[in-house]
Amino acid sequence: MRPPAVEEARAIKYPEVRDLPPEEIGRLARSIAPRLMPKPGVDYKLYLGSRPELREGERLLSYTLSVCPQCYSLLVAVIFERDGKVYERKVCPEHGEFEELYFGDYATYERFRKWQRDGKGVWTPNVKLEALCPYNCGLCPRHKSHTALLNLVATNRCSLRCWYCFFYAAKAGYVYEPSLNHIRFMLREARRMLPYPAVAVQITGGEPLMRDDIVDIVRIAKEEGYKHVQVNTEGIRLALDPELAVKLREAGTNVIYMSFDGVTPFTNPKNHWEVPYTLENLRRARLGVVLVPTVIRGYNLHEVGAIIRFGVKHADIVRGVNMQPVSIVGRVPRKEREKMRVTIPDVLLEIEKQTDGQIRREDWYPVPSVVPISRFIEAITGRPQFELTTHFACGAATYIFWDDDGELIPITRFVDVEGLMQLLEREAEEIRKGKSKYMAMLSVLLKLSRYVDVSKAPKKFKSKRKFLKYIYKILVRHDYSSLGEFHYQALFLGMMHFQDPYNYDVSRVQRCEIHYVMPDGRIVPFCTFNVFPELYRDRAQRAFSYTIEEWEQLTGKKLSEEVYVRNIKKLIRGEPYRRAYEGIADVLSIPYEEHVKASKRFGIPVAE
């Protein structure tokens, strides 16, 4: 049993402070933040006196720091190669040895590792340097990357009761739902960060669309200077309320970030039946969507190719597919973890197989591979630029295009990505050494065509001039709209493997760029916030929460009455349902009873 949240933080009566101006909420939040920090000897211990041993047939790659999955104590871990795969091993004096698959292919690990570039760090840390990572978040002076995407939890309410989730309000025992003034304070905190303030925010939950003022939250984010606002949802309310999509778009929402775990009711019982209607309503509102599958071995890994095909089929509104290999939380025996565990290279191999080699492993690059673009623009402008310096093992991406015959064409088929990045890196270095910015820019523009082979490009880019125009806009105009214009011409494929206590690597979390802003104003890496919920997420949110009774009295609603009941008969009879999956999965041949079982097994009741 872990220690309870810091009791003194419960002294806050949130109904009494929720309407304070943002500045006053900020002063209160900052005064409480130090009391919410993890406490050595109470929340964790340090066991750094010895290193795990390598065994026969194992090759050392690096040492790092990790945690014990059971007690969160800090341990030395070894990253090593064995039989073509990469593993992590650590030993807790209290709970024994833990060995976990870290990266499913050593060759891909090495190909990705050469792209690692560290950022400039955090010039305006939120906390002092008083403890070791990951117990000093954040952000602290050790952190190496600025915020690329800020997550803001708008509520812990949800209308679903998914069997695996313990985050929603009824299970948590309290309602976390910061007021609009409180949200404004949190957004401002992330905008104060230097050398590059947060410019992209994801409004998440719980289910953020449960909030009646969700449109106001989007508006506030825009008012506070966020260029990109996305809403993370399971999409059910958007399926049932067509006007909501319009209102979100008009308020400034750039994209919907929607859970989508598969193309059948068996792999995606969360929102399989509603997705077709969500897409229809987003089309009418002209609001794009990114599909977000959590990929699990033995569950939906066999559908990753079909998920991509689904994205291509709906590419008029689907802006990307961002897959997330499962993060295994809780105490899970090793054999059970091995059944579920899948890493980025494993998913890439399955995509290659399931697309008949049209999308190959080599078509993907790690996130920091695009740093040379930022460094070149920074050299030209003399100003710090948005750059993606996350750890090379955290994620991968590519862009794909397609012709009328359905052939998928990754950008790497007609663009020498590696050569182009090396060119930009060289020219940026030359500028730093004193080369004329004008001459460097001219050199890049004259050489660009060497890296594009239009004979292998999709028909829309058979004119080399047209494709080079997009690259020119990004490099010369270096504005947000230029990148967005290119993005709309393709389907973005991404992959982000968030950590869990079994594969935790402190060197990864120090380079994290996907952060949460907490109600006390701290900015915390994703893989700290969610891997140690008792130390960060739950502790801070509980401090600024309502009791269920307080929330119900304030709103006049009943939390127990917010459960979604699915009308499967009505949903599967609709034309949007047939159209959405046609050519992807034969869902109409599935007996109605099987649809019902899939929904109920997942925890979502059905209106018979």
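Residues numbered from 1 in each chain as written. Predicted model: local features only at pLDDT ≥ 70, side-chain atom pairs only at ≥ 80, totals over all residues. Heavy atoms only, no water.

(A) Fine view of the overall build of the chain. Within the chain one finds 24 helices and 20 strands. Expected size for 608 residues packed as a compact globule is a radius of gyration near 25 Å; at 24 Å, the chain falls within 12% of this value. Counting the 608 residues in the chain, one finds 60% classified as buried. Taking all contacts inside the chain whose residues are at least 6 apart in sequence as the whole, residues at least 24 apart take part in 72%. Total accessible area on the chain stands at roughly 24800 Å², and carbon and sulfur atoms take up 52% of it. (Helix = DSSP H or I, 4+ residues; strand = E, 2+ residues; numbered from the N terminus. Rg over C-alpha atoms; globule rule 2.2 N^0.38 Å. Buried < 20%, exposed > 50% of the residue type's maximum accessible area, 1.4 Å probe, protein only. Contact = heavy atoms within 4.5 Å. Areas by Shrake-Rupley, 256 points an atom, 1.4 Å probe, with all protein chains shown as cover.)

(B) Just empty space enclosed by the protein, in detail. Tallied over the entire structure, the rule returns four cavities of 30 Å³ or more. A volume near 80 Å³ is recorded for the largest cavity. Around the largest cavity, the lining residues are Cys 133, Asn 136, Cys 137, Gly 138, Leu 139, Cys 140, His 143, Val 509, Gln 510 and Pro 525. Here the residues of the lining of the largest cavity are counted per class, giving six nonpolar, four polar and no charged. Taken as a whole, the second largest cavity holds about 60 Å³ of empty space. As for the second largest cavity, its lining consists of 13 residues, and the residues nearest its centre are Lys 120, His 146, Pro 195, Gln 385 and Glu 387. Looking at side-chain class alone, the lining of the second largest cavity contains three nonpolar, six polar and four charged residues. (1 Å grid on protein atoms, 1.4 Å probe; cavity = no way out; pocket = protein on both sides within 12 Å on 5 of 7 lines; lining within 4 Å. Points joined across faces, edges and corners; volume = space filled by probe spheres on them. Nonpolar A, V, L, I, M, F, W, Y, C, P; charged D, E, K, R; others polar.)

(C) Layout of the nonpolar core. Counting 145 residues, the largest nonpolar core has Leu 248 and Met 323 as its most contacted members. Here the element with the most residues in this core is helix α6 (residues 214–223); it accounts for six residues. Setting aside chain neighbours within four positions, we find Leu 248 in contact with Leu 209, Ile 214, Val 215, Val 218, Leu 238, Thr 253, Ile 256 and Leu 287. In this structure, Ala 379, Val 415, Phe 467 and Ala 490 belong to the second largest nonpolar core, which totals 33 residues. (Core = buried A, V, L, I, M, F, W, Y, C linked by side-chain atoms within 4.5 Å.)

(D) Looking closely at unusual backbone geometry. Residues Gly 138 and Leu 139 are joined by a peptide bond in cis, for which omega reads -15°. Between Leu 194 and Pro 195 the backbone carries a cis peptide bond, its omega angle lying at 20°. With a phi close to 65°, Tyr 72 is a non-glycine residue in the positive phi region. Mapping Tyr 72 onto the fold places it in the loop between β2 (59–67) and β3 (74–82). Residue Tyr 72 is classed as buried on the basis of its relative accessible area of 4%. Not every positive phi belongs to a glycine, and Asp 83 is a case in point at roughly 55°. Tracing the chain through its elements places Asp 83 in the loop between β3 and β4 (85–92).

(E) Main features of the confidence of the model for the chain. Of the residues in the chain, 94% reach a pLDDT of 70 or more, and the chain-wide mean stands at 92. Counting contacts from residues 1–8, a segment whose pLDDT is below 50, to residues more than four positions away or on other chains yields 14 contacts. (pLDDT = per-residue confidence, 0-100.)

(F) Local environment of the environment of Lys 90. Mapped onto the elements, Lys 90 comes out in strand β4. Here Lys 90 falls in the buried class, since its relative accessible area comes to 0%. Among the polar contacts listed, one links the side chain of Lys 90 to the backbone oxygen of Pro 501, at a separation of 2.7 Å. (Polar contact = N/O pair within 3.5 Å; in protein donor to acceptor, adjacent residues only side chain to side chain.)

(G) Just the pairing of strand β11 (residues 288–292), in detail. Counting buried residues along β11, five of its five residues qualify, which places the element largely inside the surrounding structure. Residues of β11 alternate between two faces, with Gly 288, Val 290 and Val 292 on one and Val 289 and Leu 291 on the opposite face, all of them buried. Inspection of the sheet shows strand β10 (residues 255–259) paired to β11 by five bridges, in the parallel sense. Along β11, the bridge assignment pairs Tyr 257 with Val 290. Chirality of the crossover, the property in question, places the unit of β10, helix α9 (residues 275–285) and β11 among those that are right-handed. (Pairing = 2+ DSSP bridges. Right-handed = clockwise from strand over helix to strand, strands pointing away.)

(H) Layout of the packing of helix α8 (residues 242–251) against α9. Running from N to C, α8 and α9 point in directions that differ by 45°, and their axes come no closer than 8 Å. What the angle tells us is that α8 and α9 run oblique. Remark: the crossing between α8 and α9 carries right-handed chirality. Contacts between α8 and α9 involve Pro 242, Ala 245, Val 246 and Arg 249 from the former and Asn 281, Leu 282 and Ala 285 from the latter. Of the residues belonging to the contact of α8 with α9, the class tally is five nonpolar, one polar and one charged. (Axes fitted to C-alpha atoms, helices over the stretch in contact; angles between N-to-C directions. Parallel < 35°, antiparallel > 145°, perpendicular 65-115°, else oblique. Left-handed = near helix turned anticlockwise from the far one by under 90°.)

(I) Representation of α6 in the model. For α6, the set of buried residues is Ile 214, Val 215, Ile 217, Val 218, Ile 220 and Ala 221. The elements touched by buried residues of α6 are α5 (180–191), β8 (200–204), β9 (228–233) and α8.

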